[in-house]
Amino acid sequence: DSGVTQTPKHLITATGQRVTLRCSPRSGDLSVYWYQQSLDQGLQFLIQYYNGEERAKGNILERFSAQQFPDLHSELNLSSLELGDSALYFCASTPGSLSYEQYFGPGTRLTVT
Amino acid sequence: GQQLNQSPQSMFIQEGEDVSMNCTSSSIFNTWLWYKQDPGEGPVLLIALYKAGELTSNGRLTAQFGITRKDSFLNISASIPSDVGIYFCAGLVTGSARQLTFGSGTQLTVLP
(Lines give C-alpha, C1' and ligand atoms only; values in the text may rest on other atoms or scores of the structure.)
Protein backbone atom coordinates (compact mmCIF):
# COMPACT_ATOMS: atom_id res chain seq x y z
CA ASP A 1 0.00 0.00 0.00
CA SER A 2 1.62 3.24 -1.21
CA GLY A 3 -0.55 5.45 0.98
CA VAL A 4 -2.02 7.21 -2.06
CA THR A 5 -5.76 6.69 -2.41
CA GLN A 6 -7.92 7.12 -5.49
CA THR A 7 -11.66 6.98 -5.97
CA PRO A 8 -13.59 5.57 -7.63
CA LYS A 9 -11.87 2.32 -8.55
CA HIS A 10 -14.01 1.88 -11.66
CA LEU A 11 -16.13 4.32 -13.63
CA ILE A 12 -18.33 3.59 -16.61
CA THR A 13 -19.92 6.46 -18.45
CA ALA A 14 -21.18 7.49 -21.85
CA THR A 15 -19.61 9.67 -24.52
CA GLY A 16 -20.16 13.36 -23.99
CA GLN A 17 -20.38 13.04 -20.22
CA ARG A 18 -18.21 14.61 -17.52
CA VAL A 19 -16.53 12.78 -14.65
CA THR A 20 -14.36 13.68 -11.67
CA LEU A 21 -11.58 11.48 -10.36
CA ARG A 22 -10.28 12.01 -6.86
CA CYS A 23 -6.85 11.48 -5.36
CA SER A 24 -5.53 11.81 -1.83
CA PRO A 25 -1.75 11.93 -1.61
CA ARG A 26 0.36 10.27 1.07
CA SER A 27 0.30 12.06 4.38
CA GLY A 28 2.65 15.01 4.20
CA ASP A 29 3.18 14.90 0.44
CA LEU A 30 2.69 18.25 -1.23
CA SER A 31 2.97 17.28 -4.89
CA VAL A 32 0.35 15.39 -6.86
CA TYR A 33 0.84 14.11 -10.40
CA TRP A 34 -1.78 12.73 -12.76
CA TYR A 35 -1.06 10.10 -15.40
CA GLN A 36 -3.06 8.37 -18.09
CA GLN A 37 -2.29 4.78 -19.00
CA SER A 38 -3.80 3.33 -22.13
CA LEU A 39 -2.91 0.12 -23.90
CA ASP A 40 -1.30 1.75 -26.87
CA GLN A 41 0.46 4.67 -25.22
CA GLY A 42 1.78 3.51 -21.88
CA LEU A 43 2.00 5.93 -18.96
CA GLN A 44 1.58 9.53 -20.03
CA PHE A 45 2.11 12.46 -17.68
CA LEU A 46 -0.86 14.82 -17.61
CA ILE A 47 -0.34 17.48 -14.96
CA GLN A 48 1.37 18.25 -11.66
CA TYR A 49 0.23 20.31 -8.69
CA TYR A 50 2.40 21.42 -5.82
CA ASN A 51 0.82 22.78 -2.65
CA GLY A 52 -2.28 23.90 -4.49
CA GLU A 53 -0.63 25.41 -7.51
CA GLU A 54 -0.22 24.01 -10.99
CA ARG A 55 3.47 23.23 -11.49
CA ALA A 56 3.71 21.48 -14.85
CA LYS A 57 1.58 20.34 -17.73
CA GLY A 58 2.16 17.35 -19.93
CA ASN A 59 -0.02 15.89 -22.63
CA ILE A 60 -3.27 17.01 -21.08
CA LEU A 61 -6.21 17.73 -23.35
CA GLU A 62 -8.11 20.99 -23.06
CA ARG A 63 -11.20 18.94 -22.13
CA PHE A 64 -9.35 17.83 -19.01
CA SER A 65 -8.60 19.95 -15.98
CA ALA A 66 -7.37 19.42 -12.48
CA GLN A 67 -7.04 21.19 -9.17
CA GLN A 68 -5.49 20.64 -5.78
CA PHE A 69 -7.39 21.72 -2.70
CA PRO A 70 -6.11 23.20 0.58
CA ASP A 71 -6.22 19.76 2.22
CA LEU A 72 -3.93 18.65 -0.65
CA HIS A 73 -6.30 16.21 -2.25
CA SER A 74 -6.64 16.59 -6.00
CA GLU A 75 -9.36 16.11 -8.54
CA LEU A 76 -9.05 15.43 -12.25
CA ASN A 77 -12.04 16.54 -14.29
CA LEU A 78 -12.66 14.96 -17.67
CA SER A 79 -15.38 16.46 -19.85
CA SER A 80 -16.96 15.82 -23.25
CA LEU A 81 -15.71 12.29 -22.93
CA GLU A 82 -14.78 10.31 -26.00
CA LEU A 83 -14.28 6.59 -26.49
CA GLY A 84 -10.53 7.18 -26.67
CA ASP A 85 -10.50 8.55 -23.14
CA SER A 86 -11.04 5.04 -21.81
CA ALA A 87 -7.92 4.28 -19.80
CA LEU A 88 -6.45 3.86 -16.37
CA TYR A 89 -5.85 7.16 -14.60
CA PHE A 90 -3.25 7.23 -11.87
CA CYS A 91 -2.19 9.85 -9.45
CA ALA A 92 1.15 9.86 -7.72
CA SER A 93 2.60 11.97 -4.94
CA THR A 94 6.01 13.01 -3.71
CA PRO A 95 7.10 14.12 -0.25
CA GLY A 96 8.19 17.57 -1.28
CA SER A 97 10.01 19.69 -3.74
CA LEU A 98 13.32 17.85 -3.41
CA SER A 99 12.15 14.26 -3.76
CA TYR A 100 11.91 12.55 -7.11
CA GLU A 101 10.43 9.24 -6.01
CA GLN A 102 6.80 9.20 -7.03
CA TYR A 103 4.39 6.88 -5.23
CA PHE A 104 1.38 5.80 -7.23
CA GLY A 105 -2.19 5.19 -6.21
CA PRO A 106 -4.20 2.13 -7.30
CA GLY A 107 -5.77 3.99 -10.23
CA THR A 108 -9.23 4.63 -11.59
CA ARG A 109 -10.32 2.58 -14.58
CA LEU A 110 -12.49 4.75 -16.81
CA THR A 111 -14.60 3.11 -19.48
CA VAL A 112 -16.42 5.36 -21.93
CA THR A 113 -19.17 3.63 -23.90
CA GLY B 1 10.36 15.36 -25.41
CA GLN B 2 12.53 12.64 -24.01
CA GLN B 3 12.05 9.12 -25.33
CA LEU B 4 12.91 5.94 -23.48
CA ASN B 5 13.46 2.66 -25.28
CA GLN B 6 12.87 -0.29 -22.98
CA SER B 7 13.75 -3.83 -23.92
CA PRO B 8 12.82 -6.54 -24.15
CA GLN B 9 9.12 -5.92 -24.62
CA SER B 10 8.30 -9.30 -23.06
CA MET B 11 10.13 -12.21 -21.49
CA PHE B 12 9.20 -15.78 -20.68
CA ILE B 13 11.57 -17.41 -18.22
CA GLN B 14 11.72 -20.47 -16.02
CA GLU B 15 11.40 -20.10 -12.28
CA GLY B 16 14.86 -19.76 -10.76
CA GLU B 17 16.41 -18.07 -13.77
CA ASP B 18 17.95 -14.62 -13.73
CA VAL B 19 16.40 -11.78 -15.72
CA SER B 20 17.87 -8.67 -17.24
CA MET B 21 16.15 -5.71 -18.86
CA ASN B 22 17.29 -2.25 -19.84
CA CYS B 23 16.30 1.22 -20.88
CA THR B 24 18.13 3.60 -23.15
CA SER B 25 17.56 7.20 -23.99
CA SER B 26 18.82 9.76 -26.43
CA SER B 27 18.76 12.29 -23.59
CA ILE B 28 20.73 12.50 -20.38
CA PHE B 29 18.75 11.74 -17.25
CA ASN B 30 19.63 12.74 -13.70
CA THR B 31 17.46 10.11 -12.07
CA TRP B 32 16.39 6.62 -13.03
CA LEU B 33 13.53 4.81 -11.36
CA TRP B 34 12.31 1.26 -11.78
CA TYR B 35 8.69 0.35 -11.12
CA LYS B 36 6.69 -2.88 -11.17
CA GLN B 37 3.01 -2.95 -12.05
CA ASP B 38 0.65 -5.84 -11.35
CA PRO B 39 -2.54 -6.11 -13.42
CA GLY B 40 -5.12 -3.52 -12.40
CA GLU B 41 -2.80 -1.94 -9.86
CA GLY B 42 -0.64 1.15 -9.74
CA PRO B 43 3.11 1.03 -10.38
CA VAL B 44 5.16 0.26 -7.28
CA LEU B 45 8.57 1.85 -6.88
CA LEU B 46 11.34 -0.77 -6.73
CA ILE B 47 14.61 1.11 -6.98
CA ALA B 48 15.72 4.73 -7.41
CA LEU B 49 19.10 5.71 -8.84
CA TYR B 50 20.56 9.19 -8.60
CA LYS B 51 24.20 8.99 -9.64
CA ALA B 52 25.95 7.82 -12.80
CA GLY B 53 27.53 4.43 -12.22
CA GLU B 54 25.43 3.80 -9.11
CA LEU B 55 24.55 0.18 -8.43
CA THR B 56 21.67 -0.40 -6.02
CA SER B 57 20.05 -3.58 -4.76
CA ASN B 58 16.66 -4.30 -3.28
CA GLY B 59 16.54 -7.95 -2.31
CA ARG B 60 16.89 -10.03 -5.48
CA LEU B 61 16.69 -6.89 -7.63
CA THR B 62 19.74 -4.93 -8.72
CA ALA B 63 19.68 -1.81 -10.86
CA GLN B 64 22.43 0.30 -12.32
CA PHE B 65 22.59 3.89 -13.52
CA GLY B 66 24.67 3.86 -16.71
CA ILE B 67 27.90 5.81 -16.85
CA THR B 68 26.71 7.77 -19.88
CA ARG B 69 23.55 8.71 -17.93
CA LYS B 70 21.55 7.61 -20.95
CA ASP B 71 20.76 4.09 -19.83
CA SER B 72 19.83 1.91 -16.90
CA PHE B 73 19.62 -1.81 -16.24
CA LEU B 74 17.50 -3.96 -13.95
CA ASN B 75 18.44 -7.49 -13.01
CA ILE B 76 16.29 -9.95 -11.11
CA SER B 77 18.04 -12.99 -9.72
CA ALA B 78 16.50 -16.40 -9.02
CA SER B 79 13.07 -15.44 -10.32
CA ILE B 80 9.93 -16.62 -8.50
CA PRO B 81 6.27 -16.69 -9.62
CA SER B 82 5.42 -13.42 -7.85
CA ASP B 83 7.92 -11.60 -10.04
CA VAL B 84 5.33 -11.75 -12.82
CA GLY B 85 4.22 -8.31 -13.92
CA ILE B 86 5.20 -5.35 -16.03
CA TYR B 87 8.44 -3.58 -15.21
CA PHE B 88 8.81 0.05 -16.18
CA CYS B 89 11.85 2.24 -16.21
CA ALA B 90 11.35 5.95 -15.73
CA GLY B 91 13.77 8.78 -16.20
CA LEU B 92 13.78 12.27 -14.85
CA VAL B 93 15.54 15.42 -15.91
CA THR B 94 16.02 17.89 -13.09
CA GLY B 95 14.13 21.05 -13.63
CA SER B 96 11.29 23.10 -12.32
CA ALA B 97 8.96 20.12 -12.67
CA ARG B 98 9.69 16.53 -11.88
CA GLN B 99 8.14 14.98 -14.95
CA LEU B 100 8.82 11.31 -15.27
CA THR B 101 9.25 9.84 -18.73
CA PHE B 102 8.28 6.18 -18.74
CA GLY B 103 9.55 3.35 -20.87
CA SER B 104 7.02 1.14 -22.62
CA GLY B 105 7.45 -1.67 -20.11
CA THR B 106 8.76 -5.23 -20.03
CA GLN B 107 6.12 -7.90 -19.48
CA LEU B 108 7.69 -10.69 -17.41
CA THR B 109 6.19 -14.16 -17.26
CA VAL B 110 7.73 -16.75 -14.94
CA LEU B 111 7.00 -20.34 -15.87
CA PRO B 112 6.95 -22.99 -13.13
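This text follows the structure it describes.
Given the structure is predicted, the values throughout are model-derived calculations rather than measurements.

Peer 1: Requested: an account of the overall build of chain B, with residues and values cited.
Peer 2: Counting secondary structure elements, chain B contains 0 helices and 11 strands. Each helix and strand of chain B, ordered N terminal to C terminal, gives the series β-β-β-β-β-β-β-β-β-β-β. Taken over the C-alpha trace, chain B has a radius of gyration of 13 Å; the compact-globule value for 112 residues is 13 Å, and the two agree within 12%. Taken along its principal axes, the extent of the C-alpha atoms in chain B is 45 × 30 × 20 Å. The burial tally for chain B puts 45% of its 112 residues in the buried class. In chain B, of all internal contacts separated by at least 6 residues, the share reaching a separation of at least 24 is 53%. For chain B, the accessible surface area stands at approximately 5100 Å², while carbon and sulfur atoms represent 52% of it. Averaging the locations of the 6 positively and 8 negatively charged side chains of chain B gives two centres separated by 15 Å.

Peer 1: So what's going on with the sheet that holds strand E7 (residues 61-65) of chain B? Residues and values would help.
Peer 2: Residue and element names in this part refer to chain B. Sheet architecture is open: 5 strands sit in the order E1-E3-E8-E7-E6, paired in antiparallel fashion. Single-partner strands in this sheet number two, and they are strand E1 (4-7) and strand E6 (55-58). Taken pair by pair, the neighbouring strands of this sheet meet at an average axis angle of 15 degrees, ignoring direction. Where E7 and strand E8 (residues 71-76) come together, 5 bridges link them in antiparallel fashion. By the bridge assignment for E8, Ala63 is matched with Leu74.

Peer 1: Residue-level account of the pairing of strand E8 (residues 74-78) of chain A, with values.
Peer 2: One face of the sheet, then the other: side chains in a regular strand alternate in exactly this way. Residues and elements named next belong to chain A. Across the 5 residues that make up E8, a large majority, 5, are buried. Burial of the side chains of E8 extends over both faces: Ser74, Leu76 and Leu78 are buried on one face and Glu75 and Asn77 on the other. Two elements, strand E3 (residues 19-24) and E8, share 5 bridges in a ladder whose sense is antiparallel. Counted as the bridge partner of Leu21 is Leu76 from E8. Note that strand E7 (residues 64-68) and E8 share 5 bridges and pair antiparallel. Along E8, the bridge assignment pairs Ala66 with Leu76. Between the end of E7 and the start of E8, which pair antiparallel, lie 5 residues, with Leu72 showing a positive phi angle near 80 degrees.

Peer 1: Explain the pattern of salt bridges residue by residue, including any values.
Peer 2: Taken as a whole and assessed by the stated rule, the structure comprises 5 salt bridges over all chains. The salt bridge involving Glu82(A) is made with Arg63(A); its shortest N-O contact spans 3.7 Å. Of this pair, Glu82(A) sits in the loop between E8 and strand E9 (87-94) while Arg63(A) sits in the loop between strand E6 (53-57) and E7; the two residues are 19 residues apart in sequence, bridging distant segments of the chain. The class for Glu82(A) is partly exposed, based on a relative accessible area of 44%. Residue Arg63(A) is classed as buried on the basis of its relative accessible area, which comes to 19%. Linking Arg60(B) and Asp83(B) is a salt bridge whose minimum nitrogen-to-oxygen distance equals 2.8 Å. Here Arg60(B) is found in the loop between E6 and E7, whereas its partner Asp83(B) is found in the loop between E8 and strand E9 (85-92), with 23 residues between them in sequence. Judged by relative accessible area, Arg60(B) falls into the partly exposed class, the value being 27%.

Peer 1: Quick one: what's the story with the interface of chain A and chain B, residue by residue and with numbers?
Peer 2: Listed per partner, the contact involves 20 residues of chain A and 20 residues of chain B. Summed over both partners, the interface of chain A with chain B buries about 1800 Å², with 55% contributed by carbon and sulfur atoms. The largest per-residue losses of area from chain A upon contact with chain B belong to Leu43(A), Tyr100(A) and Glu101(A), which jointly make up 35% of the total buried on that side. At the boundary of chain A with chain B, the tally comes to 0 salt bridges. Between the two partners, chain A and chain B, sit 4 residue pairs in polar contact (both at pLDDT 80 or more). Counting only elements with at least two residues in the side of chain A that touches chain B, the list comes to strand E4 (31-38), strand E5 (42-50), E6 and strand E10 (103-104) of chain A. By residue class, the composition of the side of chain A that touches chain B is 10 nonpolar, 6 polar and 4 charged.

About the thresholds
- Residues numbered from 1 in each chain as written.
- Chains lettered and ligands numbered in written order.
- Predicted model: local features only at pLDDT ≥ 70, side-chain atom pairs only at ≥ 80, totals over all residues.
- Heavy atoms only, no water.
- Helix = DSSP H or I, 4+ residues; strand = E, 2+ residues; numbered from the N terminus.
- Rg over C-alpha atoms; globule rule 2.2 N^0.38 Å.
- Buried < 20%, exposed > 50% of the residue type's maximum accessible area, 1.4 Å probe, protein only.
- Contact = heavy atoms within 4.5 Å.
- Areas by Shrake-Rupley, 256 points an atom, 1.4 Å probe, with all protein chains shown as cover.
- Lys, Arg positive; Asp, Glu negative; His and termini not counted.
- Charge placed at Lys NZ, Arg CZ, Asp CG, Glu CD.
- Pairing = 2+ DSSP bridges.
- Axes fitted to C-alpha atoms, helices over the stretch in contact; angles between N-to-C directions.
- Salt bridge = Lys/Arg side-chain N within 4 Å of Asp/Glu carboxyl O.
- Buried area = accessible area lost by both parts, 1.4 Å probe.
- Polar contact = N/O pair within 3.5 Å; in protein donor to acceptor, adjacent residues only side chain to side chain.
- Nonpolar A, V, L, I, M, F, W, Y, C, P; charged D, E, K, R; others polar.

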